[in-house]
Amino acid sequence: MSKEKWIEDILQTSRHIQPAPVRPFLATRVEAVLRNKVQPASPARLPLRWVYVSAAAMAALLVLNVLAWKRPAPEKQPGIQSVMQEYGWSNQRFYATDF
Amino acid sequence: MLNFDHDAAAFRDFIAMHQERVYNAVLNRVQDIADAEEITQDVFVDVYRNPGAWRGEAAVSTWLYRIAMNKCVDHLRKKQRRNRWSISGWFKPVGEEDDPAAGDFFHPGIAAENREKTTVLFKALKRLPHNQHTAWVLHEMDGRSYKEIGDIMQLSVSSVESLLFRARQNLKKILSALYPGNL
């Protein structure tokens with residue numbers, strides 16, 4: 001069979017489709033849906049008070065962070081070095097024998 | 001004006017009168033029996049809830065077809081989106097994930113001798129753009145006139161004609177690639 005004839009045959013089959021039977025009791029099913037269809041539940045809402053509390057907490061955290069970031073850092077005191085200086089030990093004289 | 005609020009019997013009669021047409025148009029469009037049943041059911045639920053949407057400008061059947069076809073397109077788009085983003089889609093071979101022609105559909109109203117040809121036709125139809133597919137189903141499978149299709153799809157008769165012309169051209173191209181002699 002030629003390609004054109006085959007294509008035309010396929011297209012013609014559109015007209016040879018018999019109506020398919022509908023599953024029985026469609027009306028009963030529709031009525032059941034209408035009876036049982038619950039209204040969609042309204043979306044859960046957060047109480048306004050909680051929204052304000054969370055916003056305030058976040059603002060407070062932000063302020064604390066900014067303050068902490070702006071405060072000048074304390075001068076670094078290298079602990080071990082200050083102790084060594086106080087007792088007169090230094091790295092250069094670590095192996096000296098003239099105590 | 002339709003109103004079924006206090007008349008269950010009238011609503012049942014209405015469903016009985018239109019169910020076969022609506023169901024078959026939907027079935028031809030979505031190519032899935034379970035989906036077609038669900039969409040048909042939804043169409044009548046919508047009709048019951050909002051009968052005032054029919055203003056008497058067109059036949060009731062035209063209005064029903066419009067609701068049904070819109071629901072079909074929504075359903076198919078959702079399905080496409082779901083398939084595109086599903087995890088199983090990530091593991092399919094390249095090029096297969098968006099293939100709309102995957103899976104064969106066997107229409108229950110087809111004689112055995114035509115089954116093979118119709119399966120190929122349904123495969124090809126799935127690759128058409130939504131509006132061309134809808135126009136083809138309504139005209140070629142459901143026998144609606146250009147005027148009716150125009151009313152259903154809210155298009156002019158000339159637009160419907162051109163839509164059907166393009167659908168035919170595209171189907172020929174798609175079928176040409178599916179021709180068994182090519183293999």
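Residues numbered from 1 in each chain as written. Chains lettered and ligands numbered in written order. Predicted model: local features only at pLDDT ≥ 70, side-chain atom pairs only at ≥ 80, totals over all residues.

Caption draft 1: Quick peek at the overall build of chain B. Each helix and strand in chain B was counted, giving eight helices and zero strands. For chain B, the α and β elements follow one another from N to C terminus as α-α-α-α-α-α-α-α. Residue burial in chain B is summarised as follows: out of 183 residues, 33% are buried. Sequence-distant contacts in chain B: of pairs separated by 6 or more residues, those separated by 24 or more amount to 61%. (Helix = DSSP H or I, 4+ residues; strand = E, 2+ residues; numbered from the N terminus. Buried ≥ 20, exposed ≤ 12 C-beta atoms within 10 Å, placed from the backbone. Contact = placed C-beta atoms within 7 Å.)

Caption draft 2: Spatial organisation of the interface of chain A and chain B. In this complex, chain A contributes 22 residues to the contact, which on the side of chain B involves 31 residues. Here the side of chain A that touches chain B is built from residues that sort into 13 nonpolar, four polar and five charged. (Nonpolar A, V, L, I, M, F, W, Y, C, P; charged D, E, K, R; others polar.)

Caption draft 3: Summary view of the nonpolar core. Residue and element names in this part refer to chain B. Ranked by internal contacts, the top residues of the largest apolar core, which has 45 residues, are V26, V43 and A68. At nine residues, the largest contribution of residues to this core is made by helix α1 (residues 8-30). With residues up to four places along the chain from it excluded, the contact list for A68 reads V22, A25, V26, I39 and V43. (Core = buried A, V, L, I, M, F, W, Y, C linked by C-beta atoms within 7 Å.)

Caption draft 4: Spotlight on α1(B). Roughly 50 degrees is the biggest bend found in α1(B), and it falls at B:H18. Looking at the residues trailing α1(B), positive phi occurs at B:Q31, about 55 degrees. (Bend = angle between axes of the 7 residues up to and from the residue.)

Caption draft 5: Layout of unusual backbone geometry. Phi at A:F25 is positive, roughly 65 degrees, even though this residue is not glycine. Assignment of secondary structure puts A:F25 in the loop between α1 (3-12) and α2 (26-36). The residue B:Q31 is not glycine, and still its phi comes out positive at about 55 degrees. Residue placement: B:Q31 occurs in the loop between α1 and α2 (33-49).

Caption draft 6: Local environment of the confidence of the model for chain B. All names here are of chain B. Here chain B shows a mean pLDDT of 87. Residues at 70 or above account for 89%. The least confident element of chain B, judged by mean pLDDT, is helix α4 (residues 87-90) at 63; the most confident is helix α8 (residues 157-178) at 96. A low-confidence stretch, residues 94-101 (pLDDT under 50), is modelled with nine contacts involving residues beyond four sequence positions or located in other chains. Among the scores for the predicted complex, ipTM is 0.80 and pTM is 0.71. (pLDDT = per-residue confidence, 0-100.)

Caption draft 7: Region of the structure containing the environment of B:P129. Summarising the element assignment, B:P129 is placed in the loop between α5 (115-125) and α6 (130-141). Distance in space between the C-alpha atoms of B:P129 and B:L76 is 11 Å, their sequence separation being 53 residues.

Caption draft 8: Examining the environment of B:M153 more closely. All names here are of chain B. Of note, M153 is situated in helix α7 (residues 146-153). Note: C-alpha distance between M153 and D142 (11 residues apart in sequence) is 14 Å. Excluding its chain neighbours within four sequence positions, the residues that come into contact with M153 are N131, T134 and A135.

Caption draft 9: Representation of the packing of α1(B) against α2(B) within the structure. Residue and element names in this part refer to chain B. Contact pair α1 / α2: the axes reach a minimum separation of 9 Å and the direction vectors enclose 140 degrees. Comparing the axis directions of α1 and α2 gives the class oblique. In terms of crossing hand, the pair formed by α1 and α2 is right-handed. Every residue of α2 that contacts α1 at F11, I15, Q19, V22, Y23, V26, L27 and V30 is listed here: I33, D35, A36, I39, T40, V43, F44 and Y48. Of the residues contributing to the contact of α1 with α2, the split by class is 13 nonpolar, two polar and one charged. (Axes fitted to C-alpha atoms, helices over the stretch in contact; angles between N-to-C directions. Parallel < 35°, antiparallel > 145°, perpendicular 65-115°, else oblique. Left-handed = near helix turned anticlockwise from the far one by under 90°.)

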